[in-house]
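# Report on the structure
Read off the chains here:
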Amino acid sequence: QVQLVESGGGLVQAGGSLRLSCAASGRTFSSYAMGWFRRAPGKEREFVAAINWSASSTYYAVSVKGRFTISRDNAKNTVYLQMNSLKPEDTALYYCAADSRDVPQAMAVTLPGYWGQGTQVTVSS
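A brief structural summary. Counting restarts for each chain, with residues numbered from 1 along the sequence as it is written. Where local features are concerned, this predicted model is filtered to residues with pLDDT of at least 70; where side-chain atom pairs are given and counted, the filter is 80 or more; whole-chain, interface and lining totals use all residues. To obtain the side-chain values, all non-hydrogen atoms of the structure were used and water was disregarded.

## Quick look at the sheet that holds strand S8 (residues 78-83)
Across a sheet, paired strands are connected by hydrogen bonds in the backbone, their directions being either parallel or antiparallel. Paired strands are those between which DSSP finds at least two bridges. For the purposes of this entry, the term helix denotes a DSSP run of H or I that reaches at least four residues, the term strand denotes a run of E that reaches at least two, and both are numbered from the N terminus. The sheet built from 4 strands is open, its strands ordered S1-S3-S8-S7 with antiparallel pairing. Either end of the sheet is taken by a strand with one partner, and the two such strands are strand S1 (2-7) and strand S7 (68-73). Strand-to-strand twist in this sheet, taken as the mean axis angle between neighbours without regard to direction, amounts to 20°. Where helices are involved, their axes are fitted lines through C-alpha atoms of the stretch in contact, as for all axes, and angles between N-to-C directions lie from 0 to 180°.

What follows is the structure, encoded as C-alpha cells:
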C-alpha cells in the first residue's frame, strides 16, 4: 500500500508559478513511477506528467509541456510539479499518483493504482 499526500496548491494570477509536492509513505517509493493528474470543473480527469523511479525518464501532456516540470527526491519520498506560466485553463484539482509499472508513458494510458486526495490550483485571469 502507498499513501500519498499532496500540498502546495493555491490561488495564483495568470502567468505566475506554483510548486506542488506529494509526500509518499508505505511501500518502497523509489520503485514506483509517480505522476500528476488533474480534474477541472465539469471535465474528465486528465494526465499531466509522470516520472520513473530513477528520474531518468519523464512524460508530459502536450498542454503543459514546456511550462511544467516533474521531479522527485527519493531520499525524501517526495515528487514535485513545478508549474510556470500558469493559465486560467490550468485551474483544477491536482492529484498525485503512484504506479508500480515504472513506465511514465503508461500512466497516460492506464490509470495508476494509488492516488492522493488532491490539492486545488486556481489561476485567475
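## Examining unusual backbone geometry
Even without being a glycine, Ser85 presents a positive backbone phi close to 50°. Examined against the element boundaries, Ser85 turns out to sit in the loop between S8 and strand S9 (92-99).

## A few points about the state of the cysteines
Simply put, disulfide is the name for a covalent bond between the sulfur atoms of two cysteines. Cysteine sulfur atoms that pair up within 2.5 Å are treated as a disulfide. Inspection of the entire model under this criterion finds 1 disulfide. Each sulfur in the disulfide pair Cys22 and Cys96 lies 2.1 Å from the other. Disulfide Cys22-Cys96: torsion about the S-S bond near -80°, hence left-handed. Taken together, the residues Cys22 in strand S3 (residues 18-26) and Cys96 in strand S9 connect sequence positions 74 residues apart. Buried, partly exposed and exposed residues are distinguished by accessible area as a fraction of the type maximum, computed with a 1.4 Å probe on protein chains only: under 20%, between the cut-offs, and over 50%, respectively. Under the relative-accessibility criterion, Cys96 is labelled buried at 0%.

## Quick word on the packing of aromatic side chains
Ring geometry is summarised as follows: Phe, Tyr and Trp rings, the Trp one being its six-membered ring, pair when their centres sit within 6.5 Å, and such pairs are stacked at plane angles under 30 degrees, edge-to-face over 60 and tilted between the two. Scanning the model with the defined rule gives 5 aromatic pairs in all. Placement of a positive charge over a ring is assigned whenever Lys NZ or Arg CZ falls within 6 Å of the ring centre and within 35 degrees of the normal to the ring plane. One Lys or Arg, Arg45, reaches over the ring of Trp115 and ends 4.2 Å from the middle of that ring.

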